[in-house]
Amino acid sequence: MTSSTKVYYSQTTQTDSRPLIGSGLRRRRVMTKDGRSNVRMEHIADKRFLYLKDLWTTFIDMQWRYKLVLFSATFAGTWFAFGVVWYLVAVVHGDLLEFDPPANHTPCVMQVHTLTGAFLFSLESQTTIGYGFRYISEECPLAIVLLITQLVLTTIMEIFITGTFLAKIARPKKRAETIKFSQNAVVAQHNGKTCLMIRVANMRKSLLIGCQVTGKLLQTHLTKEGESVRLNQVNVDFQVDTSSDSPFLILPLTFYHVVDDASPFRDLALRTGEGDFELVVILSGTVESTSATCQVRTSYLPEEILWGYEFTPAISLSASGKYVADFSLFDRVVKVTAPCCLHETVRFGDPEKVKLEESLREAAEREREGAPLSVRISNV
């Protein structure tokens with residue numbers, strides 16, 4: 001009797017044996033090209049209660065059409081609800097005309113004889129219009145307490161709803177839409193090393209401060225214990241040239257990931273464009289004008305990583321002496337000499353290291369042949 005294989009799930013759920021990253025383009029993505037999550041959450045206990053516990057985030061994440069409907073319904077609902085309460089106060093105090101009050105009767109609220117009048121008084125009080133036709137008297141302390149309660153509660157509600165509107169408008173989501181990633185990633189030689197490259201551009205003149213580009217490689221991973229981890233996340237480091245500091249994203253930049261022995265791509269078939277993985281690229285930065293943190297995401301599937309291509313230069317110098325970023329060339333790639341295999345790339349990446357390796361190899365051969373040992377030592 002064979003023991004069942006233990007399977008761990010990461011961020012999403014699968015109940016059959018099909019791979020989470022399947023053959024269909026739309027079905028296999030965990031992150032869409034425009035950075036939206038393609039994961040559906042199911043079987044969450046008390047999901048509605050969890051959303052109600054965090055009303056602030058729920059209201060901010062709500063779509064605009066629902067938010068406007070809720071905004072209007074909230075105000076109209078509170079006007080009507082307190083209007084009913086004011087009408088009940090008038091009924092209890094005998095202020096309605098059908099009760100035939102005496103001539104010296106002082107009502108709690110002047111000129112409130114119907115439900116419509118009570119609704120209008122509630123609206124005028126809550127919006128502080130104050131036409132002067134309907135007003136409370138000193139006859140009913142209950143009316144004074146009710147008016148204070150209505151104004152306090154509705155003011156808190158207005159602050160909350162207005163705050164969610166401002167927070168939703170101020171979110172850097174639209175600013176993130178002005179950050180552009182290349183449609184494809186390319187793999188080519190760069191400074192003697194095989195590099196996976198992506199291009200990123202800021203399409204506004206205002207800068208992003210403290211930009212950082214990181215990547216996550218999502219793939220199925222089998223541990224030494226035989227446990228299958230679906231959508232295992234592995235960090236992928238990107239840099240501009242040889243610097244790991246924050247890039248100056250004033251012009252389109254190409255970010256590099258060196259595919260070497262320490263790279264998570266070392267065992268993947270990047271050359272054929274096939275495989276069962278997804279590369280998620282994340283750019284984080286601070287908006288210069290608002291100091292809000294902005295994050296932009298995209299993803300690349302195996303067929304979107306082009307082997308033996310590089311990006312066409314998109315920067316030129318105009319006749320007036322200004323640098324021009326031509327976005328019609330942003331996604332354009334050209335065929336170049338395909339990079340060598342991984343181990344050859346590592347050898348040719350550092351000439352001094354190559355000399356040392358050749359010296360050691362020659363020394364080993366001479367030792368086997370009985371020749372005297374002679375090793376050249378590099379200065380580096």
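Residues numbered from 1 in each chain as written. Predicted model: local features only at pLDDT ≥ 70, side-chain atom pairs only at ≥ 80, totals over all residues. Heavy atoms only, no water.

S.K.: Quick one: what's the story with the pairing of strand E4 (residues 193–202), residue by residue and with numbers?
M.R.: Judged by how many residues are buried, E4 sits mostly within the fold: nine of 10 residues are covered. Sheet analysis places strand E2 (residues 179–181) next to E4, joined by three bridges and oriented antiparallel. Residue pairing across strands places Phe181 opposite Val200, the latter belonging to E4. Both strand E3 (residues 185–190) and E4 contribute to a ladder of five bridges, which runs antiparallel. Note on E4: the bridge partner recorded for Val186 is Met197. Between E3 and E4, which pair antiparallel and follow one another directly, the connecting turn spans two residues, one of which, Asn191, has a positive phi of 55 degrees. Looking at chain direction, E4 and strand E7 (residues 253–258) are connected through six bridges and run antiparallel. Residue pairing for E7: Ile198 is matched across the bridge by Phe255. (Buried < 20%, exposed > 50% of the residue type's maximum accessible area, 1.4 Å probe, protein only. Helix = DSSP H or I, 4+ residues; strand = E, 2+ residues; numbered from the N terminus. Pairing = 2+ DSSP bridges.)

S.K.: Could you give an account of the nonpolar core, with specific residues and numbers?
M.R.: Within the largest apolar cluster, 31 residues are counted, with the highest numbers of intra-cluster contacts made by Leu196, Ile198, Phe238, Phe265 and Leu283. Elements supplying a minimum of two residues to this core: E2, E3, E4, strand E5 (208–222), E7, strand E8 (277–287), strand E9 (293–300) and strand E10 (305–307). If you tally residues by element for this core, the top one is E8, at five residues. Dropping the residues within four chain positions of it, Ile198 is found in contact with Phe181, Ser182, Ala185, Val213, Phe238, Leu253, Thr254, Phe255, Val281, Tyr300 and Phe311. Among the nonpolar cores identified, the runner-up in size contains 12 residues, and Trp86, Cys108, Leu146 and Leu147 belong to it. (Core = buried A, V, L, I, M, F, W, Y, C linked by side-chain atoms within 4.5 Å. Contact = heavy atoms within 4.5 Å.)

S.K.: Tell me what's going on with the pattern of salt bridges, and back it up with residues and numbers.
M.R.: Under the counting rule described, the total for this entry stands at eight salt bridges. The shortest N-O distance in the salt bridge between Glu304 and Arg29 comes to 2.4 Å. Here the residue Glu304 occupies a position in the loop between E9 and E10, and Arg29 occupies one in the loop between helix H1 (25–28) and helix H2 (47–53), the gap between them amounting to 275 residues. A residue is classified by how much of its surface remains accessible, and Glu304, at 12% relative accessible area, is buried. Take Arg29: its relative accessible area is 10%, and that puts it in the buried class. Residue Arg266 pairs with Asp267 through a salt bridge whose shortest N-O separation is 3.9 Å. Take Arg266: its relative accessible area is 42%, and that puts it in the partly exposed class. Shared partners join several salt bridges into a network, and the residues in it are Arg29, Lys33 and Glu304. (Salt bridge = Lys/Arg side-chain N within 4 Å of Asp/Glu carboxyl O.)

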